[in-house]
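Commentary on secondary and tertiary structure
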Amino acid sequence: MRGLPVRPQLWITAGLLAVVACALGTAAWWLPAGALRSDTPEGRLSLHAFEVAAVLGVALALLLSILLTRILVQPLNEIGDFASGLSAGDLDRRLRWRVGGPLGRIAADLDRMADELRRRIDEATAEKEQLQAVLGSMVEGVLVVNAAGRIVLANPRLREMLGVWGDVVGRAPLEVIRHAGVDDAMRAAASTSDVVAHEIQLGGGEGRSIRLHAVAFPQTGPRLGTVAVFHDMTDLRRLEAVRRDFVANVSHELKTPLTAIRGFAETLLSVDVPLDDARKYLGVILRHAERLGNLIDDLLDLSRIESRKLPIKLIEVDVGRVAAAVISGMELQLRAKTLSVKLVEGVTPAAWADRRAVDQILTNLLDNAAKYTHAGGHIEVQIEPEAEHIRVEVRDDGIGIPKEDLPRIFERFYRVEKARSRDLGGTGLGLAIVKHLVQSMGGEIYVESAIGSGSSFVILLPRADRQTAAGERRTAFA
Ligand code: ADP
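What comes next concerns the included structure. Nothing here was measured: the structure is a model prediction, and the numbers come from that model. (Residues numbered from 1 in each chain as written. Predicted model: local features only at pLDDT ≥ 70, side-chain atom pairs only at ≥ 80, totals over all residues. Heavy atoms only, no water.)

Topic: the pairing of strand β5 (residues 225-232)
In terms of strand pairing, strand β1 (residues 141-146) meets β5 through six bridges, oriented antiparallel. Bridging from a neighbouring strand, V145 pairs with T226 of β5. Sheet topology note: the strand β4 (residues 208-217)/β5 ladder contains eight bridges and is antiparallel. Looking at the pairing, F217 lines up with G225 of β5. (Pairing = 2+ DSSP bridges. Helix = DSSP H or I, 4+ residues; strand = E, 2+ residues; numbered from the N terminus.)

A short note on the site of the ligand
The environment of the ligand is formed by 21 residues, the closest being N368, S421, T427, G428 and L431. Within the backbone of V416, a nitrogen or oxygen atom sits 3.1 Å from an oxygen atom of the ligand. Between the ligand and the protein, one listed contact pairs an oxygen atom with a backbone N or O atom of L431 at 2.8 Å. In the complex, 98% of the free accessible area of the ligand, which totals 520 Å², lies under the protein chains. (Near = heavy atom within 4 Å. Polar contact = N/O pair within 3.5 Å; in protein donor to acceptor, adjacent residues only side chain to side chain. Areas by Shrake-Rupley, 256 points an atom, 1.4 Å probe, with all protein chains shown as cover.)

Quick notes on the packing of helix α11 (residues 355-371) against helix α13 (residues 430-440)
Their axes nearest at 9 Å, the elements α11 and α13 cross at an angle of 150 degrees. On the basis of their axis angle, the class for α11 and α13 is roughly antiparallel. The element α11 and its partner α13 pack so that their crossing is left-handed. On α13, the residues that touch A357, Q360, I361, N364, L365 and N368 of α11 are G430, L431, I433, V434, L437 and V438. Classifying every residue of the contact of α11 with α13 gives eight nonpolar, four polar and no charged. (Axes fitted to C-alpha atoms, helices over the stretch in contact; angles between N-to-C directions. Parallel < 35°, antiparallel > 145°, perpendicular 65-115°, else oblique. Left-handed = near helix turned anticlockwise from the far one by under 90°. Contact = heavy atoms within 4.5 Å. Nonpolar A, V, L, I, M, F, W, Y, C, P; charged D, E, K, R; others polar.)

Some details on the sheet that holds β4
Taken in spatial order, the five strands make up an open sheet running β2-β1-β5-β4-β3, and their pairing is antiparallel. Lying at the two open borders of the sheet, with one neighbouring strand each, are β2 (151-154) and β3 (196-202). Taking each pair of neighbouring strands and ignoring which way they run, the sheet shows an average axis angle of 20 degrees. Alignment of β1 against β2, held across three bridges, turns out to be antiparallel. For V144, the partnering residue across the bridge sits in β2 and is L153.

Focus on the packing of aromatic side chains
Any pair of aromatic rings gets described here by the distance separating the centres and the angle formed by the planes. The tally for this structure, following the rule as stated, stands at three aromatic pairs. Relative to Y281, the ring of F264 lies with its centre 5.1 Å away and its plane at 55 degrees, an arrangement referred to as tilted. Of this pair, F264 sits in helix α7 (residues 234-270) while Y281 sits in helix α8 (residues 275-306), and the two are 17 residues apart along the sequence. Take F264: its relative accessible area is 26%, and that puts it in the partly exposed class. Consider the rings of F410 and F457, whose centres lie 6.3 Å apart with planes at 85 degrees: the pair is edge-to-face. Taken together, the positions of F410 in the loop between β10 (389-396) and α12 (418-423) and F457 in strand β12 (residues 455-462) put the pair 47 residues apart, joining distant regions of the chain. The pair formed by F410 and F457 is uniform in burial state, with each residue classed as buried. Over the ring of F246 we find R412; its NZ or CZ atom is 4.4 Å from the centre of that ring. (Phe/Tyr/Trp six-rings, centres within 6.5 Å; stacked < 30°, edge-to-face > 60°. Buried < 20%, exposed > 50% of the residue type's maximum accessible area, 1.4 Å probe, protein only. Lys NZ or Arg CZ within 6 Å of the ring centre and 35° of its normal.)

Set out below in structure tokens:
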């Protein structure tokens with residue numbers, strides 16, 4: 001607590017001393033003439049008494065002044081202290097005086113004011129925390145600038161999206177987000193009441209697409225600033241591009257055999273074709289029709305797998321038996337090309353897989369191995385257990401795949417040599433189907449290959465006995 005203020009104490013003391021002086025003066029004036037004389041014994045006595053009274057009066061005045069100061073000024077001091085504390089942010093203190101009168105009312109008002117301030121500040125803090133939580137958990141980026149075009153707020157998502165770090169408050173958007181498009185959109189929005197939409201590309205061609213909507217606020221009255229919301233459109237744009245490419249690819253793939261079929265059919269209809277040639281043309285038509293059929297089958301399979309409409313039923317599958325069945329089903333094809341196929345399998349536990357899916361995976365891989373291996377080549381299917389998986393490797397000593405093509409060969413319609421694949425009846429969808437089937441069974445696939453020395457496709461399928469042990473047996477996978 002601060003000390004008593006000097007001025008009130010001085011005034012009170014001076015006032016009381018004046019009262020004492022007046023009292024003494026009045027008393028002296030009222031005393032009979034010569035009563036305060038020092039040359040008579042009576043006069044000396046009353047002079048002495050007068051002096052004692054004066055000293056006592058002064059002492060009493062001083063005592064009273066201290067007492068009065070304490071009674072009158074101390075409450076004011078407390079109120080002053082309390083008010084300074086309040087203005088400095090100390091909202092927890094209260095006066096709690098239980099007295100009436102003007103000072104009591106002031107104290108009660110101050111306590112109420114402190115309560116109200118506390119309530120409002122608590123409300124404002126809660127609102128701010130809520131806003132921060134909302135802004136922090138948003139998947140969209142948010143940027144707010146004030147009327148002077150300086151940043152007031154940039155939420156964490158915006159920082160992450162645009163790679164903005166450090167303190168940005170008070171800076172201009174262009175200083176922080178080095179993309180003129182953002183600044184242009186913010187400025188355009190500031191001068192209209194419409195929402196301004198704009199899309200920017202970050203990091204060049206393969207970079208990210210960010211779409212922003214900016215609007216000035218408030219909509220009526222003087223402008224306080226502009227708020228912009230940023231959406232990352234990269235995945236959507238990529239999907240759109242994939243869909244566009246896919247439609248273009250499918251159309252192209254369908255068009256090629258159709259054009260051939262139409263061409264040969266027209267020739268057969270328009271001119272007299274010798275029987276031998278006609279048979280040849282019909283053979284070509286049949287081959288292209290088969291290609292069309294294969295393509296449509298593969299497309300339907302892929303779409304069913306991707307849309308999870310193909311029922312995948314996980315059971316214990318003896319991969320060795322499935323492989324043996326697939327190999328024997330391909331015997332004619334393999335013999336025609338004088339390819340040797342070896343199935344290498346030790347004691348292997350069952351895989352936790354879908355039997356039809358494993359059949360299709362092995363069929364596609366062996367079909368590729370046969371297609372892309374020269375006559376007289378060797379193919380080997382090796383099945384062996386690993387700690388958590390059954391490892392299935394389909395290896396050939398065929399033409400191999402260039403290193404730069406390896407990351408893309410599981411993409412739909414991706415082919416190292418388009419012409420060769422088409423001539424061999426390929427659709428470019430076989431490996432895409434394989435990849436999706438393996439993934440839908442919780443497995444993995446990878447490839448190793450070198451041009452001229454063959455390819456090796458490895459699949460890891462979950463082991464059935466591990467599923468049981470872990471109590472994670474799944475009966476269906478859709
Ligand atoms: P396709 O129907 O063209 O065979 P896939 O999706 O099955 O389509 O394979 C994609 C491409 O991967 C093939 O066109 C081929 O270039 C390459 N490829 C796949 N398997 C092999 C292999 N065993 N040896 C060499 N290249 C292969």
